[in-house]
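Commentary on secondary and tertiary structure
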Amino acid sequence: MAKIATDQEIAGIINDIVQQAPGQDDNRYRVFLETIAEAVGAYHAVEIGTISPPGQDLPHWWVAVHATVDTRCDGGPFAQIDTDVTIKEWREEIAPTEAAE
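Quick caveat, the model's predicted, so the values are computed rather than measured.

Moving on, we get to the packing of helix α1 (residues 7-19) against helix α2 (residues 27-44). Working note: a packed helix pair is described by the angle between its axes plus the distance between those axes. Their axes nearest at 11 Å, the elements α1 and α2 cross at an angle of 135 degrees. One way to sum up the angle between α1 and α2 is to call them oblique. In this structure, α1 crosses over α2, and the sense of that crossing is left-handed. Of the residues in α2, those touching α1 at Ile14, Ile17 and Val18 are Tyr29, Phe32 and Ile36. Across the contact of α1 with α2, the residue classes tally to six nonpolar, no polar and no charged.

Conventions used here
Residues numbered from 1 in each chain as written. Predicted model: local features only at pLDDT ≥ 70, side-chain atom pairs only at ≥ 80, totals over all residues. Heavy atoms only, no water. Axes fitted to C-alpha atoms, helices over the stretch in contact; angles between N-to-C directions. Helix = DSSP H or I, 4+ residues; strand = E, 2+ residues; numbered from the N terminus. Parallel < 35°, antiparallel > 145°, perpendicular 65-115°, else oblique. Left-handed = near helix turned anticlockwise from the far one by under 90°. Contact = heavy atoms within 4.5 Å. Nonpolar A, V, L, I, M, F, W, Y, C, P; charged D, E, K, R; others polar.

This is how it looks when you write it as structure tokens:
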């Protein structure tokens, strides 16, 4: 018999996993983070790039998130993330061939 988990319960489990993220490269966590990032990317029309473990520059795992032609013009939930890069600059990186489609 299956257990039934709500979306809120799944979100809580994801949060617990992230709170216990390994402090060094770990393939199992990398696959987890890539899977979650791809799901978020698909929902918010962004492309997922590099995924890296904690290092000297950043004490946490990080994911490169690239805007696409379908990304919200205001940046959506990414507007308040890494504010050193403006939404205008972020959207300017969209490849010219992609923007032309």
